[in-house]
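Working through the structure, step by step
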Amino acid sequence: MDLLKVDNLCGGYGKETVIRDVSFKIEEGGFLGIIGPNGSGKSTLLRLMSRVLIPQTGKIILEDTDIARMHLKDFCKKVAFVPQDTMINFSFNVWEIALLGRIPHLRRMQWEGRRDFSIAQNSLSLTDTLHLKDKPIDEVSAGERQRVIIAKALTQEPILMLLDEPTSHLDIGHQIQVLNLLKRLNRQNNLTIVVVLHDLNLASEYCQRIILLNAGKIFKEGEPQEVLTYQNIETVYKTVVVVNKNPISFKPYVVLVSGER
Amino acid sequence: MKISLKISLLLIILIVAILLAITKGSVDIPLAELLLKENWQVLYLRILRILVAIIAGSGLAVSGIALQAILRNPLAEPYLLGTSSGAGLGAVIAIILGISSIYLPLAAFLGAILSIILVYQLAKQGSRIPVQSLILSGVIVSIALSGIMVFLISVSPNEALHGIMWWLWGSLQFYDPKLLLLVGMVVALGTFAIFIFSQDLNAISIGDEEAIHLGINTETIKKILFFITSLITAGIVSICGVIGFVGLIIPHLTRLIVGPNHKTLIPASCVCAAAFMVICDIFSRTLFTPLEIPIGIITAFLGAPVFIILLKIKQAVK
């Protein structure tokens, strides 16, 4: 069953149009990667999908409902968002950050109850951050912080999680840790995932399907081996690459070729 | 220590401060004697003054908290949006025009509101109010209005203008119970309204877009809160003048004590600010009796070291 359907979507900032006539579907339990060069509209697409931006034309349908017609809080009970990096000025502790995820489920002035606490606790343990519970968020490492932010998103009890380059500030160890976590949530909890990734090889390893964006349009959509061909990558990124197979996962593996020799 | 215990401790400090403030003054009168009929007038005046201190303190502190959260800037304070210079200019113009001093608070209030509208209009881009341009236009309008005010003071021969000093450094000397009741209501309702939004403030303090992702209509909430804080500060500035530092430092001080969660931060900082102002007022009345030192000077003298000590203790604990 299709969980989300994007229909002839156009959108951008003010009068400027960044996303031009984009249509695609995500099925329930899917793991979709969005890749593309800088300025191709990856983040804009995600912002349209998370209702930060309003579409200029076209629709986004979540489970048969146009998301523009949903109450914002009801929408946020179903869709959670994880940004690239979260700047937090005040030193909330990890527990308080995780509990923020309950806001869509609470009325104003309604205090969190036992059920909310147990959901937050569960998300922290799913993301292996329960031991950090009492630590101020500004004192944990970047990788731990990103996992706490994912825990906050999980506390919303979403059916769809959108992530905008969640690993771009992390070293390879932490990148793998975060993406393994997403994979596990996808498989065990049947959480549908849409993730913007910069790293083509990470996208290839983890995503079931990939959308390659170019200048606000879908250049190619499909499984990693269909999208990540050297022809596609060279046309869109204007860079010479060699595409091999990862010897262990048999997924495509993109090797850069430097111009100077 | 549990948060409820911390708040109770702050409450005890407030009560002790109030009792001290009632008995201390240009003449010290023990509590038992104050209750005698011949001293009722003194008791009444002192209680009125304590009320002014509590209203001004908690209103400024809670406005500061709201602005620091929405602007995501630790240096934000209630006067950032031009309220203080607007109120000052309003008062100076009223004095120069020879308007009766009963209307001074009204003139100041109008000045404050007009300057906030000006700042808001300058910062507005379409239907959005970007945080950075709001801060910038606040600073620019403040500088421009203070410039006009100082210019008017320096070219005006009017003796009455010497009285404007208290305005610029604040005073709790205010003896109009009806107007005080009015401002008190505005501050109480405004503070409670901000408290209702404490969950939204928690979300907004981690980012505008992050708050949207939690189902919060960030732009609308920001506008509502700007309006409420403007009303609170304009009300306070029209009866007490500019009391600096409280709205900046009490939020930080209380955050160090009870943490950044607005559900506890807002009530705790009300108590903290009230106690702080009552204590400052005791110093302002008794340090150089019969002279009274402007309250804004005391808040700066006392606030800075208290804050630095607490910050150092907190760093040492880490």
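Quick notes on the rules
Counting starts from 1 at the beginning of each chain's written sequence and moves along it residue by residue. In the order they appear in the text, chains get letters beginning with A and ligands get numbers beginning with 1. Reporting in this predicted model follows two pLDDT cut-offs: at least 70 for local features of residues, and 80 or more for side-chain atom pairs to be given and counted; totals over whole chains, interfaces and linings ignore these cut-offs and use all residues. Under the DSSP-based scheme used, a helix requires at least four consecutive residues in state H or I and a strand at least two consecutive residues in state E, with every element numbered from the N terminus. With C-alpha atoms as the basis for the radius of gyration, the globule rule is written as 2.2 Å multiplied by the number of residues raised to the power 0.38. Any residue whose C-beta has 12 or fewer other C-beta atoms within 10 Å is treated as exposed, any with 20 or more as buried, and any in between as partly exposed, C-beta atoms being built from the backbone. It is the C-beta atoms, placed from the backbone, that decide contacts: two residues are in contact if theirs lie within 7 Å. To estimate the expected span of a helix, subtract one from its residue number and multiply by 1.5 Å. Each C-beta atom gives one direction from the helix axis, and the arc is the one those directions make. Here the rule is simple: two strands pair whenever DSSP picks up at least two bridges between them. Every axis corresponds to a line fitted to the C-alpha atoms, with the helix fit spanning only the stretch in contact, and the corresponding angles, defined between N-to-C directions, vary from 0 to 180 degrees. Left-handed describes a crossing whose near helix is turned anticlockwise from the far helix through less than a right angle; right-handed describes the clockwise counterpart. In the scheme used here, Gly and all other residues not listed as nonpolar or charged are polar, with Ala, Val, Leu, Ile, Met, Phe, Trp, Tyr, Cys and Pro taken as nonpolar and Asp, Glu, Lys and Arg as charged. pLDDT is a per-residue confidence score from the predictor, ranging from 0 to 100. Only buried residues count toward a nonpolar core: Ala, Val, Leu, Ile, Met, Phe, Trp, Tyr and Cys, linked into one set through C-beta atoms within 7 Å.

Regarding its fold elements, chain B presents 14 helices and zero strands. Traced from its N-terminal end to its C-terminal end, chain B shows the element sequence α-α-α-α-α-α-α-α-α-α-α-α-α-α. For chain B, the C-alpha radius of gyration of 20 Å lies close to 20 Å, the compact-globule estimate for 318 residues. On the principal axes, the C-alpha backbone points of chain B span a range of 60 × 55 × 35 Å. By the burial criterion, 49% of the 318 residues in chain B qualify as buried. Contacts in chain B between residues far apart in sequence, at least 24 positions, make up 75% of those at least 6 positions apart.

Counting secondary structure elements, chain A contains nine helices and 12 strands. The C-alpha radius of gyration of chain A comes to 19 Å, within 12% of the 18 Å expected for a compact globule of 261 residues. Referenced to the eigenvectors of the C-alpha coordinate spread, the extents of chain A come out at roughly 60 × 40 × 35 Å. Across the 261 residues in chain A, those meeting the buried criterion constitute 40%. Considering only residue pairs separated by 6 or more positions, chain A has 65% of its internal contacts joining residues 24 or more positions apart.

This part is about helix α1 (residues 3–23) of chain B. The periodicity of an α-helix, 3.6 residues per turn, causes residues three or four positions apart to be oriented the same way. All names here are of chain B. Taking 1.5 Å per residue, 21 residues should reach 30 Å; α1 reaches 31 Å between its end C-alpha atoms and fits that length. Considered for burial, the residues of α1 that qualify are Leu10, Leu14, Ala17, Ile18 and Ala21. The buried side chains of α1 occupy one side of the element, clustering within an arc of 100° when seen end-on. Residues Ser4, Leu5, Ser8, Ile12 and Leu19 are exposed on α1 and point more than 90 degrees away from its buried face. On its buried side, α1 packs onto α3 (40–70) and α13 (262–286).

All names here are of chain A. Taking strand neighbours across the sheet as the criterion, the four strands line up as β2-β1-β4-β5 in an open arrangement whose pairing is antiparallel. Each edge of the sheet is formed by a strand with only one pairing partner; in this case those strands are β2 (16–27) and β5 (65–66). The sheet contact formed by strand β1 (residues 2–13) and strand β4 (residues 57–62) spans five bridges and is antiparallel. Residue pairing across strands places aspartate 7 opposite lysine 59, the latter belonging to β4. Taken strand by strand, helix α1 (residues 42–49) contacts β1, β2 and β4, and its axis lies near 65° from that of β2.

Further remarks concern the packing of helix α5 (residues 104–123) of chain B against helix α11 (residues 218–240) of chain B. Residues and elements named next belong to chain B. Relative to each other, α5 and α11 sit at 145°, their axes nearing to 8 Å. Judged by the twist between their axes, the crossing of α5 over α11 is right-handed. Of α11, the residues touching α5 (which contributes Pro105, Ala108, Phe109, Ala112, Ile113 and Ile116) are Ser230, Thr233, Ala234, Gly235, Val237, Ser238 and Ile239. Among the residues forming the contact of α5 with α11, the class breakdown is nine nonpolar, four polar and no charged.

Bringing the sheet that holds strand β9 (residues 209–214) of chain A into the picture now. Residues and elements named next belong to chain A. One open sheet holds the six strands; their spatial order is β6-β7-β8-β3-β9-β10, and the pairing between them is mixed. Each edge of the open sheet is held by one strand with a lone partner, namely β6 (79–82) and β10 (217–222). Averaged over all pairs of adjacent strands, the angle between strand axes in this sheet comes to 15°, irrespective of strand direction. Sheet analysis places β6 next to strand β7 (residues 160–164), joined by four bridges and oriented parallel. Bridge assignment links valine 82 to a residue of β7, and that residue is leucine 163. Contacts from α1 reach β3 (31–35), β7, β8 (192–196) and β9, with the element oriented near 150° to β7. Of the strands in this sheet, β6 and β7 touch helix α5 (residues 142–155), which is tilted by about 170° from β6.

All names here are of chain B. The topology assignment puts glycine 170 in the loop between α7 (164–169) and α8 (177–196). A C-alpha to C-alpha distance of 7.9 Å links glycine 170 and glycine 244, two positions 74 residues apart in sequence. Among residues more than four places away in sequence, those in contact with glycine 170 are Cys240, Gly241, Val242, Ile243, Pro294, Ile295 and Gly296.

A word on the interface of chain A and chain B. Contacts between the two partners involve 23 residues from chain A and, on the opposite side, 20 residues from chain B. When contributions to the side of chain A that touches chain B are tallied by element, the ones reaching two or more residues are α2 (72–78), β6 and α3 (94–100) of chain A. For the side of chain A that touches chain B, the element with the highest residue contribution is α2 of chain A, accounting for three residues. For the side of chain A that touches chain B, the residue count by class is 15 nonpolar, four polar and four charged.

What follows covers the confidence of the model for chain B. Per-residue pLDDT for chain B averages 88, and the proportion of residues at 70 or more is 97%. Here the predicted complex scores 0.89 on pTM and 0.89 on ipTM.

Time to look at α5 of chain A. Residues and elements named next belong to chain A. The end-to-end C-alpha distance of α5, which contains 14 residues, comes to 20 Å, matching closely the 20 Å that a straight helix rising 1.5 Å per residue would cover. Judged by how many residues are buried, α5 sits mostly within the fold: 12 of 14 residues are covered. Those residues of α5 that sit buried are Glu144, Arg145, Gln146, Arg147, Val148, Ile149, Ile150, Ala151, Lys152, Ala153, Leu154 and Thr155. Lining the buried residues of α5 we find β6, α3, α4 (114–126), β7 and α6 (172–188). Positive phi appears at glutamate 157, one or two residues downstream of α5, with a value of about 55°.

Our focus in this paragraph is the nonpolar core. Residue and element names in this part refer to chain B. Among the nonpolar cores identified, the biggest contains 164 residues, and Val246, Ala273, Ala275, Met277 and Val278 are the most heavily contacted of them. With 15 residues, α13 is the single largest residue contributor to this core. In this structure valine 246 touches Gly57, Leu60, Ala61, Ala273, Phe276, Met277 and Thr299, once residues within four positions along its chain are discounted.

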